[in-house]
Amino acid sequence: MADGHPVTVIARFTPTPESAGRLQALLEGMVAPTRAEAGCHFYNLFVTQGDGPEFVLLECYEDSSALEAHRASTHYKNYRAQLPDLLASPISVTVLAPIDALN
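As the structure is a prediction and not an experimental result, all values here were calculated from the model.

Student: Can you tell me about the nonpolar core, naming the residues and giving the values?
Tutor: Counting residues in hydrophobic clusters, the biggest one holds 21 residues, and the most contacted among them are Phe-13, Leu-23 and Tyr-79. Counting only elements with at least two residues in this core, the list comes to β1 (7–13), α1 (20–35), β2 (40–47), β3 (55–61), α2 (64–72) and α3 (74–82). Ranked by residue count, the leading element in this core is α1, at five residues. Every residue in contact with Leu-23, bar those within four places of it in the chain, is listed here: Phe-13, Pro-15, Phe-55, Leu-83, Leu-86 and Leu-87.

Below, the structure written as structure tokens:
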């Protein structure tokens, strides 16, 4: 159910050493279709600096219903199906609700 508040998500991905390039390409392929979703405020991909790459998605959706619509999309389901073979550890996902945030 929509609660009317923006929902921010931080998702962290640690690739196996041999799959970093494939994981980056898979994540980059999610950017355009997700940004095109009606309820997406932003969807930004980052890589950590230092030892071994870790990819970080910073996402914000209109509300919890928009996040659920994202998770139900074909592009999301297709990318999630490809992830297990590319990751050294499970995805770390943190869902945030605003307390004091600018829109």
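Student: So, the environment of Glu-62: which residues are in play, and what are the values?
Tutor: With respect to the element layout, Glu-62 can be found in the loop between β3 and α2. Along the backbone, Glu-62 and His-41 are 21 residues apart, and their C-alpha atoms lie at a distance of 6.4 Å. Aside from chain neighbours lying at most four places away, what touches Glu-62 is His-5, Pro-6, Gly-39 and His-41. A distance of 2.9 Å separates polar atoms of two side chains, one belonging to Glu-62 and the other to His-41.

Student: Which residues make up the sheet that holds β2, and what values go with them?
Tutor: Strand order across the open sheet formed by four strands is β2-β3-β1-β4, with antiparallel pairing between neighbours. Looking at strand neighbours, the two that pair on one side only are β2 and β4 (92–96), the edges of this open sheet. On average, each strand axis in the sheet is inclined to that of its neighbour by 10 degrees, with strand direction left out of account. Packed on one face of the sheet, α1 meets β1, β2 and β3 and runs near 165 degrees to β2.

Student: Go over α2, please, and point to the residues and values.
Tutor: Each turn of an α-helix holds 3.6 residues, which means side chains three or four residues apart point in the same direction. For α2, the full list of buried residues reads Ala-66, Leu-67 and His-70. One side of α2 holds all its buried residues, which, seen down the axis, span an arc of 100 degrees. In the core, the buried residues of α2 are packed alongside β1, α1, β2, β3, α3 and β4. At the N-terminal end of α2, a side-chain oxygen is found 3.1 Å from the backbone nitrogen of Ser-65, two or three residues along, and the residue is Asp-63.

Here is what the cut-offs are and how they apply
- Residues numbered from 1 in each chain as written.
- Predicted model: local features only at pLDDT ≥ 70, side-chain atom pairs only at ≥ 80, totals over all residues.
- Heavy atoms only, no water.
- Core = buried A, V, L, I, M, F, W, Y, C linked by side-chain atoms within 4.5 Å.
- Buried < 20%, exposed > 50% of the residue type's maximum accessible area, 1.4 Å probe, protein only.
- Helix = DSSP H or I, 4+ residues; strand = E, 2+ residues; numbered from the N terminus.
- Contact = heavy atoms within 4.5 Å.
- Polar contact = N/O pair within 3.5 Å; in protein donor to acceptor, adjacent residues only side chain to side chain.
- Pairing = 2+ DSSP bridges.
- Axes fitted to C-alpha atoms, helices over the stretch in contact; angles between N-to-C directions.
- Arc of directions from axis to C-beta.

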